[in-house]
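Chain residues, written in single-letter form:
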Amino acid sequence: MAFREINSKMVEATVVPGQRLYSQRGAMLAYRGEVSFTPNVQGGQGGVLSMIGRRIANEATPLMTVEGSGTVLFGHGGHHVQVIHLNGDTLYVEADRLLAFEGTLTQGTVFLGAQGGVMGMVRGQVSGQGLFTTSLKGHGAVAVMAHGGVFEIPITPQRPVHVDPQAYVAHHGDVRNKLSTALGWRDMVGRGSGEAFRLELSGSGSVYVQASEEKL
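Being a predicted model, the structure only gives us computed values, none of them experimental.

**Details of the overall build of the protein chain**
Line of reasoning, step 1. Across its full length, the protein chain holds 3 helices and 13 strands.
Line of reasoning, step 2. Within the protein chain, the proportion of its 216 residues that are buried is 49%.
Line of reasoning, step 3. Counted over contacts in the protein chain with a minimum sequence separation of 6, partners at least 24 positions apart contribute 81%.
Line of reasoning, step 4. A total accessible area of about 10,200 Å² is found for the protein chain, and carbon and sulfur atoms account for 52% of it.

**Here we look at the pairing of strand β2 (residues 10-15)**
Line of reasoning, step 1. Here strand β1 (residues 3-7) runs beside β2; their pairing, made up of 4 bridges, is antiparallel. Among the inter-strand pairings, R4 is bridged to a residue of β2, identified as E12.
Line of reasoning, step 2. Counted between consecutive antiparallel strands, the loop separating β1 from β2 contains 2 residues.
Line of reasoning, step 3. With 5 bridges joining them, β2 and strand β5 (residues 63-74) adopt antiparallel strand pairing. Of the residues in β5, the one forming a bridge with V11 is F74.

**Things to note about the nonpolar core**
Line of reasoning, step 1. By size, the foremost hydrophobic cluster in this structure holds 18 residues, and its most contacted members are F3, V11, L21, V66, V72, F74 and L99.
Line of reasoning, step 2. Elements supplying a minimum of two residues to this core: β2, β5, β6 (80-93), β7 (98-102) and β9 (132-146).
Line of reasoning, step 3. Leaving out residues up to four positions away in the same chain, V72 has contacts with V11, E12, A13, V15, M28, A30, Y31, V35, F37 and V66.
Line of reasoning, step 4. Formed by 17 residues, the second largest nonpolar core is a distinct cluster that contains L91, L98, A170 and Y208.

**Here we look at the environment of G108**
Line of reasoning, step 1. Following the sequence through the fold, G108 ends up in strand β8 (residues 106-111).
Line of reasoning, step 2. A residue is classified by how much of its surface remains accessible, and G108, at 18% relative accessible area, is buried.
Line of reasoning, step 3. Spatially, the C-alpha atom of G108 lies 8.4 Å from that of K137, the residues being 29 residues apart in sequence.

**Let's talk about the pairing of β7**
Line of reasoning, step 1. With 5 of its 5 residues buried, β7 lies for the most part within the structure.
Line of reasoning, step 2. With 3 bridges joining them, strand β3 (residues 21-24) and β7 adopt antiparallel strand pairing. Bridging across to β7, Y22 finds its partner in F101.

**So, the confidence of the model for the protein chain**
Line of reasoning, step 1. For the protein chain, per-residue confidence averages 78 on the pLDDT scale, and residues scoring 70 or more make up 69% of the total.
Line of reasoning, step 2. Long-range and interchain partners of residues 43-60, a stretch whose pLDDT sits below 50, account for 38 contacts in this model, where long-range means more than four residues apart.
Line of reasoning, step 3. Segment residues 185-194 is flagged for pLDDT under 50; beyond a separation of four residues in sequence, or across chains, it makes 19 contacts in the model.

**Topic: the environment of Q24**
Line of reasoning, step 1. Within the element layout of this structure, Q24 appears in strand β3.
Line of reasoning, step 2. At 3.0 Å, the side chain of Q24 forms a polar contact with the backbone oxygen of L98.

**Looking at the pattern of salt bridges**
Line of reasoning, step 1. The full count for this structure, using the stated rule, is 3 salt bridges.
Line of reasoning, step 2. Here R20 makes a salt bridge to E67, at a shortest N to O gap of 2.9 Å. Here E67 lies in strand β5 and R20 lies in the loop between β2 and β3, a separation of 47 residues in the sequence.
Line of reasoning, step 3. Overall, the relative accessible area of 44% leaves R20 in the partly exposed class.
Line of reasoning, step 4. For E67, a relative accessible area of 28% corresponds to the partly exposed category.
Line of reasoning, step 5. Each of R4, E12 and R32 takes part in one network of salt bridges that share partners.

Reading the values: the criteria
Within each chain, residue numbers correspond to sequence positions counted from 1 in written order. Restriction of local features to residues with pLDDT of at least 70 applies here, the model being predicted, together with a cutoff of 80 or more for giving and counting side-chain atom pairs; totals for whole chains, interfaces and linings are based on all residues. As a convention, hydrogens and water are excluded, and side-chain values are obtained from all of the structure's heavy atoms. Helix numbers and strand numbers start at the N terminus; a helix is a DSSP run of H or I with at least 4 residues, a strand a run of E with at least 2. Relative accessibility decides the category of a residue: with a 1.4 Å probe and only protein chains considered, values under 20% of the type maximum give buried, values over 50% give exposed, and everything between is partly exposed. By definition, residues are in contact when any of their heavy atoms lie within 4.5 Å. Only the protein chains shown count as cover for residues, and the accessible areas themselves come from Shrake-Rupley with a 1.4 Å probe. At least two DSSP bridges between two strands are needed for those strands to be called paired. We call a set of buried Ala, Val, Leu, Ile, Met, Phe, Trp, Tyr and Cys residues a nonpolar core when their side-chain atoms join them within 4.5 Å. Predictor confidence is given residue by residue as pLDDT, running from a minimum of 0 to a maximum of 100. Whenever two N or O atoms come within 3.5 Å, that pair is a polar contact, provided that in protein one can donate a hydrogen and the other can accept it, and provided that, for residues adjacent in sequence, both atoms are side-chain atoms. Counted as salt bridges are all cases of a side-chain nitrogen of Lys or Arg within 4 Å of a carboxyl oxygen of Asp or Glu.

Quick look at the structure:
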């Protein structure tokens, strides 16, 4: 297990020879041992296409490759940090909420509006959220950031979950997402918050939401 939660705003990562970690630039708080930090232009195992997708979405968060032998403390901006463990499944997380993850995970870029049709485009234009989210697949751990703490809500076939897009942090499982308007078009004029929209998540899995709508 690469990550250990020190407190609600900080995690400790164990770095061992032959294994890599990836972190958001500026996330390193302190480290011990022989550890190196190298800018990564390929965005983990997702390759160049992953970074292209994030740049299109105006979410080109630079990553650092962390290697060597020792321990590293990660945190960023005093935000709440949550560790999520993957056992072969896929986690979808907002790119700007990604703090660090193990190199055993394969990274990709997903267009969240793909399942929501044209309304997915409205999300980026009005609610201020990105159109793209990062996918991480495989076996390993992920540290994500949020405002005011993170709460995991189960998604079942009988009970879909509706989330304010600005409160959305991540989700995993066999889940379908659909974005729709919660208000009429005239009511939405001039509104910048996600309350004009709702993200419906249906299927089997869970969604992580933050306690505040404040952007990172």
